[in-house]
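Breakdown of the fold
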Amino acid sequence: MSVRLYDISRTLFASMAVWPGDTSFELRPTGSIAKGDIVNVTTLTLSAHTGTHVDAPYHFTDEGQTMEQVDLAVYWGLAQVVTVKRESGPLVPSDFAGYDLGRAPRLLVKSGASAADPRLFHTEFVHPGPELADYLGTLGIVLYGADGPSMDEPNSKTLPGHHALQRNHILILEGLDLTDVPDGLYELAAFPLRILGGDGSPVRAVLRSIADEQ
């Protein structure tokens, strides 16, 4: 069977939803061939947490690594996609009954958020509870990816999901679009930009099918 690539990144566009209060995405032309310039050039305005992105530990703790310090190896390699039925709230290990979560060191969780309208910010989504983060830590998981916008509920002041993942040395990938991706094993590539002092970075996240698994 032929190998397939799945682009699991969100498309960036002017009216896309962002975290409430965060910087809106803007693509502003500064050079136009149609207007007599020799090239087309645009200026981007966006938050580090726009669309599909990674959180550096520094995003939620002053002692955490910034974007240029994180281990790039975490963002490339074997990953497992799993689907959960829960629609909102913290996920616990029992939400993954029937799955062997130890098959790959990167876990990508697919929920209804993948198919949600990208023009609206949805406040109901699933996120990892501390119990789940601790369990994944025992399995050697190094990256947790989600199609929702956060590892905690929107109004959280203490961010227990973020901190539980960090305590278990699990890095964070948010805002995936797993709509067309069947459950199974894949090779993931989702490299962040090398931003000095950065607390996060947009990524182009891609899954490569593994022929004997799909």
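Residues numbered from 1 in each chain as written. Predicted model: local features only at pLDDT ≥ 70, side-chain atom pairs only at ≥ 80, totals over all residues. Heavy atoms only, no water.

Considering the nonpolar core
In this structure, I8, L108, L173, L178, V181, L188 and L207 are the most contacted members of the largest nonpolar core, which totals 23 residues. Only β5 (76-83), β10 (171-174) and β11 (184-189) provide two or more residues apiece to this core. Residue contacts for I8: discarding those within four places in its chain leaves T52, L108, L176, D177, L178, V181, L188, A205, V206 and L207. Within the second largest apolar cluster, 20 residues are counted, among which are V109, L132, I141 and L165. (Core = buried A, V, L, I, M, F, W, Y, C linked by side-chain atoms within 4.5 Å. Buried < 20%, exposed > 50% of the residue type's maximum accessible area, 1.4 Å probe, protein only. Helix = DSSP H or I, 4+ residues; strand = E, 2+ residues; numbered from the N terminus. Contact = heavy atoms within 4.5 Å.)

Observations regarding the packing of helix α1 (residues 130-138) against helix α2 (residues 160-167)
For the pair α1 and α2, the least separation of the axes is 8 Å and the interaxial angle reads 15°. Relative to α2, α1 is oriented roughly parallel. In this structure, α1 meets α2 at a crossing whose hand is right-handed. On α2, the residues touching P130, A133 and D134 of α1 are P160, A164, L165 and R167. When grouped by side-chain class, the residues that make up the contact of α1 with α2 number 5 nonpolar, no polar and 2 charged. (Axes fitted to C-alpha atoms, helices over the stretch in contact; angles between N-to-C directions. Parallel < 35°, antiparallel > 145°, perpendicular 65-115°, else oblique. Left-handed = near helix turned anticlockwise from the far one by under 90°. Nonpolar A, V, L, I, M, F, W, Y, C, P; charged D, E, K, R; others polar.)

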